[in-house]
Amino acid sequence: MSTVLPEAESIETEAAATPPRMTWLRRVFGMRFLVISIAVHVVLGLIAAVWVVQQYNTARKLTFQSGPPSPNRATRSIEHKVQMAKKQSTMTAPAIKRIVSTGISKVTLPEMPSMPTSPTSPNQMAGAGGASLGASAGPMTAGGGAAGGSLVSMFGLREASGGLKGEFYDLKQSPGRKDTGMDKDKYSKVVIEFVKSGWNQAVLNPYYKASKPLYSSQFLIPSIKADEGPKAFQVERDVKPSLWLAWYKGNVIPSETGTFYFVGAGDDVLCVRFNGNSVLSANFDIDNNGLVRPTAHYDYGWPPPPAWKQPGGFSKGPGIQVEAGKSYPIEVLIGEQPGGTFHAILLLEKQGGTYKKDNHGNPILPVFRMGDSKPIALKQGQTLPPHEDDGPIWRGTSDTRPTSALDTLKKP
C-alpha cells in the first residue's frame, strides 16, 4: 500500500488541471523574454562603453594648451628691429673723446680719422714698374704674373687700359701651322726687311699670329726665360720659345715739348718707330748700323753674367722733336731669336735734361712709360739696369688712327 504525500498530490492535481497548450505558451514567452533581456543588456553595455571612451578622449584633448597666437609678419618685423636696436646700443663702443693736457704745454690729440668706406678702385692699383695697369693688385713681378695674383705679365695686360696694342708672331710656322723652315739667318733677314719696308704688315702676314693681343704701357723686361713670351700671349702650347716677334703699336701724347732720344737694349730685338720714322735699333746679333745708326752708347754693365749683354751697351737713337699735348703714332718691336733668355729695356732721355750718373759717368735715365706706376717687383736673382722709375709720363693709347683732335694734354 503506497502512501502519497499531500504536497505531491497537490502538484499532480495542478499539473492535471493545466492544459498542455498553456504550458507550451509559457515556455515560448519565457525564452523570448530571456533573449530580449540579454539583447537590451548588450545594447546598454555598448552605449556605456562608447560614452566612457568619448569621455576619456575629451579629457586627453583638454590636457593640451596651445601657446599665444603668433603675430603677423609686420608685427614680428617691428619686434625684430626693436631687439636689434637694443642690441646695437649695448654693443656700440663709447665715443672717443679728445684728451687735453693741462700741463705747461697743452697738447691736443686729434680726433680719430674716419676709415674709408669704399674699396680701392682698380685704377689706383699698380702694375708693372711704370704702367698704370689697373687690374693689378700690386707691383708686377718680373717674368709673369703680379705680386697680387692678377693675370698680367711683363708683356702687358689682356684688357685695353692705355698703352700700346701688341700682337705676337711665330716665324717658325705659317697661319695654317705649317713649318716655314725658319732659322737664325732667315729670322734676321725678316727683321731687317720689316724695318726697312716702313714696318709693312705684309712682311709678317706669312707667319702665325696669336689670336689674343696684349696692351703694354712700358717696356721694362729683365732677363727672363724666352718661353715667357709665348706664355704671356697664351700660345705656349703651340709655339716653341724661339724665333718669335711681338709688335706693339698705338699713339702717344708727350707731356713736354722738346727734343728726346730713345735709349734701349734688346735680346734679341728692340726697335722703335716714331711718327713714321725708325728711331731706334738696339738689337743683339743683328746689324743695327744697317737699320738705325746709334748716336751714342751707354755701357751700364748690364745684364750681369751669365746673360748676354749688348756689344757697346745700350744704344741711343737720333733725336725726335715733339710738342706737349700733340698725338704721335709709335710702334715698338721686340723678339727672341735662338731661345734661352730674353730682355727688353726702353728708356727716354731729354736733351738738356739733368740726370744722376752711374760709376762710369752714364746718365741714369727714366723708363719710357705711358702711365703712372709703382716700381717693378723682381724675382730672386733678377736685376735691372740703372734707371729712374719716376719720370715724364707720355699718355698712350692703343688706337692707331690719326688723333690730331687730341690737342689738349690731360694728366693720366
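Each value, and the rule that gives it
Residues numbered from 1 in each chain as written. Predicted model: local features only at pLDDT ≥ 70, side-chain atom pairs only at ≥ 80, totals over all residues. Heavy atoms only, no water. Helix = DSSP H or I, 4+ residues; strand = E, 2+ residues; numbered from the N terminus. Expected span 1.5 Å × (residues − 1). Buried < 20%, exposed > 50% of the residue type's maximum accessible area, 1.4 Å probe, protein only. Arc of directions from axis to C-beta. Pairing = 2+ DSSP bridges. Core = buried A, V, L, I, M, F, W, Y, C linked by side-chain atoms within 4.5 Å. Contact = heavy atoms within 4.5 Å. Salt bridge = Lys/Arg side-chain N within 4 Å of Asp/Glu carboxyl O. Phe/Tyr/Trp six-rings, centres within 6.5 Å; stacked < 30°, edge-to-face > 60°. Lys NZ or Arg CZ within 6 Å of the ring centre and 35° of its normal. pLDDT = per-residue confidence, 0-100. Patch = residues over 30% accessible without salt bridge, like charges linked within 9 Å, V, L, I, M, F, W, Y side chains within 5 Å. Areas by Shrake-Rupley, 256 points an atom, 1.4 Å probe, with all protein chains shown as cover.

> Would you take a moment to explain helix H4 (residues 184-196) for this structure?
Residue pairs three or four apart in sequence face the same way in an α-helix, which turns once every 3.6 residues. Across its 13 residues, H4 extends 19 Å between first and last C-alpha, which sits within 8% of the 18 Å expected from 1.5 Å per residue. Of the positions making up H4, those classed as buried are Tyr-187, Ser-188, Val-190, Val-191, Phe-194 and Val-195. Buried residues along H4 cover an arc of 160° about the axis, so they all sit on one side. Among the exposed residues of H4, those pointing more than 90 degrees away from its buried face are Asp-185, Lys-189 and Lys-196.

> Help me understand the pairing of strand S6 (residues 258-267) in this model?
Residues in a regular strand project their side chains so that they alternate between the two faces of the sheet. The element S6 is largely enclosed, with a buried count of 10 among its 10 residues. Of the two faces of S6, both are covered, the one formed by Gly-258, Phe-260, Phe-262, Gly-264 and Gly-266 as well as the one formed by Thr-259, Tyr-261, Val-263, Ala-265 and Asp-267. Alignment of S6 against strand S11 (residues 320-322), held across 3 bridges, turns out to be antiparallel. Residue pairing in the sheet places Phe-260 in a bridge with Ile-320 of S11.

> What is the right way to look at the nonpolar core in this model?
Grouped burial of nonpolar side chains is what soluble globular proteins tend to show. Ranked by internal contacts, the top residues of the largest apolar core, which has 52 residues, are Phe-155, Phe-233, Phe-262, Phe-274 and Ile-334. In terms of residue count, the dominant contributor to this core is strand S13 (residues 341-350) (6 residues). Residues within four places of Phe-233 in sequence aside, it is in contact with Phe-155, Gly-166, Glu-167, Phe-168, Ala-210, Lys-212, Pro-213, Leu-214, Ala-246 and Tyr-248. Core analysis: the second largest hydrophobic core is formed by 20 residues, Met-182, Val-191, Leu-204 and Tyr-207 among them.

> Can you help me understand the pattern of salt bridges in this one?
Think of it this way: side chains of opposite charge can pair up when their charged atoms draw near. Under the definition given, this model contains 9 salt bridges. The salt bridge involving Lys-350 is made with Glu-256; its shortest N-O contact spans 2.8 Å. Of the two residues, Lys-350 sits in strand S13 while Glu-256 sits in the loop between strand S5 (244-253) and S6, which places them 94 residues apart along the sequence. Relative accessible area serves as the criterion here: at 23%, Lys-350 is assigned to the partly exposed category. One salt bridge in this structure joins Arg-273 and Glu-331, with 2.8 Å as the shortest N-O distance.

> In this structure, what is going on with the environment of Pro-375? I would like to understand it.
Counting through the fold element by element, Pro-375 comes out in the loop between S13 and strand S14 (395-397). A relative accessible area of 43% places Pro-375 in the partly exposed class.

> I keep staring at the side chain of Gln-337 and nothing clicks. Help me out?
Looking at the secondary structure, you find Gln-337 in the loop between strand S12 (328-336) and S13. The exposure class assigned to Gln-337 is buried, which follows from its relative accessible area of 2%.

> Before we go on, may I ask you to explain the environment of Gly-340 in this structure?
Tracing the backbone shows Gly-340 in the loop between S12 and S13. Sequence separation between Gly-340 and Ile-224 is 116 residues; the distance between their C-alpha atoms is 8.4 Å.

> Looking at this structure, how should I read the packing of aromatic side chains?
Aromatic ring pairs are defined here through the distance separating the ring centres and the angle between the ring planes. Counting across every chain of the model gives 18 aromatic pairs. When the centroid spacing of 5.1 Å and the interplanar angle of 85° are considered together, the rings of Phe-262 and Phe-368 count as edge-to-face. Residue Phe-262 is found in strand S6, and its partner Phe-368 is found in the loop between S13 and S14; the two are separated by 106 residues along the sequence. One exposure class covers both Phe-262 and Phe-368, and it is buried. Connected via pairs of aromatic rings, a cluster forms that spans Phe-260, Phe-262, Phe-274, Tyr-328, Phe-368 and Trp-394. The positively charged end of Arg-177 is found above the aromatic ring belonging to Tyr-208, 5.6 Å away from the centroid. Directly above the aromatic system of Trp-247 lies the positively charged group of Lys-249, at a separation of 3.9 Å from the ring centroid.

> Looking at this structure, how should I read the confidence of the model for the chain?
Across the chain, the average pLDDT comes to 77, with 65% of residues at 70 or higher. Every residue in residues 1-16 is under pLDDT 50, and counting partners more than four places away or in other chains gives 1 contact. Counted against residues more than four places away or in other chains, residues 61-67, with its pLDDT under 50, gives 0 contacts.

> Please explain unusual backbone geometry as it appears in this structure.
Only a minority of non-glycine residues have a phi that is not negative, and only a minority of peptide bonds are not trans. At the junction of Asp-267 and Asp-268, the peptide bond is cis and its omega measures out at 20° in the coordinates. By the secondary structure assignment, Asp-268 is in the loop between S6 and strand S7 (269-274). Pro-303 follows Trp-302 through a cis peptide bond whose omega is -5°. Along the polypeptide, Pro-303 turns up in the loop between strand S9 (296-298) and strand S10 (314-316). Backbone geometry places Gln-234, a non-glycine residue, at a positive phi of 60°. Examined against the element boundaries, Gln-234 turns out to sit in the loop between helix H5 (228-232) and S5. Look at Gln-234 and you get partly exposed, because its relative accessible area is 38%. A positive phi is found at Leu-243, a non-glycine position, where the angle reads about 55°. When you line up the elements, Leu-243 lands in the loop between H5 and S5. Judged by its relative accessible area of 9%, Leu-243 is buried.

> Help me out: how do you make sense of a nonpolar patch on the surface in this one?
On the surface, Ile-36, Val-40, Val-43, Leu-44 and Ile-47 cluster together into a nonpolar patch covering about 470 Å² of accessible area. Following the sequence through the fold, Ile-36 ends up in helix H2 (residues 20-62).

> Help me understand the environment of Gly-396, please; the structure alone is not making it clear to me.
Among the structural elements, Gly-396 can be located in strand S14. Judged by its relative accessible area of 11%, Gly-396 is buried. Separated by 68 residues in sequence, Gly-396 and Tyr-328 have C-alpha atoms that sit 9.5 Å apart. In this structure Gly-396 touches Gly-162, Gly-163, Asn-251, Val-252 and Met-370, once residues within four positions along its chain are discounted.

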